[in-house]
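If you want the building blocks of each chain, they are given just below.
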Amino acid sequence: MTVPALILSLLLAFSGFSALALSLDRHHRAVFRSPVSQARIGSLRAAGWSGLGLSFAAAVTFAGWSFGPVQWIGALTGAALAVVALIAYRPTSLRAAALAALPLAALTLPLALMR
């Protein structure tokens with residue numbers, strides 16, 4: 001597993017956890033200062049689970065089935081800690097951080113493919 005592949009998995013997991021956190025009314029109110037609509041809940045949950053699935057796919061693709069799931073659990077742990085820290089201390093920054101993670105993941109993908 002290379003460092004860019006690990007960063008790719010971490011960024012995708014961060015975006016996924018951010019979307020899942022924002023699908024909860026309490027966290028959505030802290031970030032946007034408004035309640036979350038039922039339509040937005042569904043799209044945020046779909047985006048969140050897709051991000052976690054893509055994170056798993058990246059980990060397994062670049063590290064193989066022997067170490068990929070282990071590396072994915074580590075990426076999940078780091079991403080979850082970052083989301084919890086942002087929600088606890090700077091909730092309004094979560095939206096910008098989650099949106100910035102997606103282009104960074106796209107920029108990291110070619111570096112991960114160069115292994």
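Basis of the calculations
- In every chain, residue numbers begin from 1 and rise along the written sequence.
- In view of the model being predicted, local features appear only for residues whose pLDDT reaches at least 70, and side-chain atom pairs are presented and counted only at 80 or more, with totals across whole chains, interfaces and linings using the full set of residues.
- The side-chain numbers reported here are obtained from all heavy atoms of the structure, hydrogens and water having been left aside.
- Angular values range over 0 to 180 degrees, each being the angle between N-to-C directions of two axes fitted as lines to C-alpha atoms, with helices fitted over their stretch in contact.
- Each helix corresponds to a stretch of at least 4 residues labelled H or I by DSSP, and each strand to a stretch of at least 2 residues labelled E; elements are numbered beginning at the N terminus.
- Roughly parallel refers to an angle under 35 degrees, roughly antiparallel to one over 145, roughly perpendicular to one between 65 and 115, and oblique to any angle outside these ranges.
- Crossing handedness is read from the near helix: turned anticlockwise from the far helix by less than a right angle, it gives a left-handed crossing, and turned clockwise, a right-handed one.
- Note on definitions: a residue-residue contact is assigned when non-hydrogen atoms from the two residues lie within 4.5 Å.
- In the scheme used here, Gly and all other residues not listed as nonpolar or charged are polar, with Ala, Val, Leu, Ile, Met, Phe, Trp, Tyr, Cys and Pro taken as nonpolar and Asp, Glu, Lys and Arg as charged.
- Exposure classes here rest on a 1.4 Å probe applied to the protein chains alone. A residue is buried below 20% of its type maximum, exposed above 50%, and partly exposed in between.
- Polar contact is the term for a pair of N or O atoms within 3.5 Å; when the atoms are in protein, one must be able to donate a hydrogen and the other to accept it, and sequence-neighboring residues count only if both atoms are side-chain atoms.

Caption draft 1: Broad picture of the packing of helix α3 (residues 38-89) against helix α4 (residues 93-113). Where α3 meets α4, the closest approach of the two axes is 12 Å, and the angle between their N-to-C directions is 155 degrees. Regarding the angle of α3 to α4, the classification is roughly antiparallel. For α3 against α4, the interelement crossing comes out right-handed. Of the residues in α4, those in contact with Phe62, Val83, Leu86 and Ile87 of α3 are Ser93, Leu94, Ala97, Leu109, Ala112 and Leu113.

Caption draft 2: Region of interest: the packing of helix α1 (residues 3-22) against α3. Across the interface, α1 lies against α3 with an axial gap of 5 Å and an inter-helix angle of 40 degrees. As α1 packs across α3, the resulting crossing turns out to be right-handed. Grouping the amino acids of the contact of α1 with α3 by side-chain chemistry returns 29 nonpolar, eight polar and one charged.

Caption draft 3: Region of interest: the side chain of threonine 108. Along the chain, the position of threonine 108 falls in helix α4. Accessibility expressed as a relative area gives 10% for threonine 108, which makes it buried. Reaching out from threonine 108, the side chain makes a polar contact with the backbone oxygen of leucine 104 at a distance of 2.6 Å. The contact partners of threonine 108, leaving out residues within four places of it in the chain, are Pro4, Ile7, Leu8 and Leu11.

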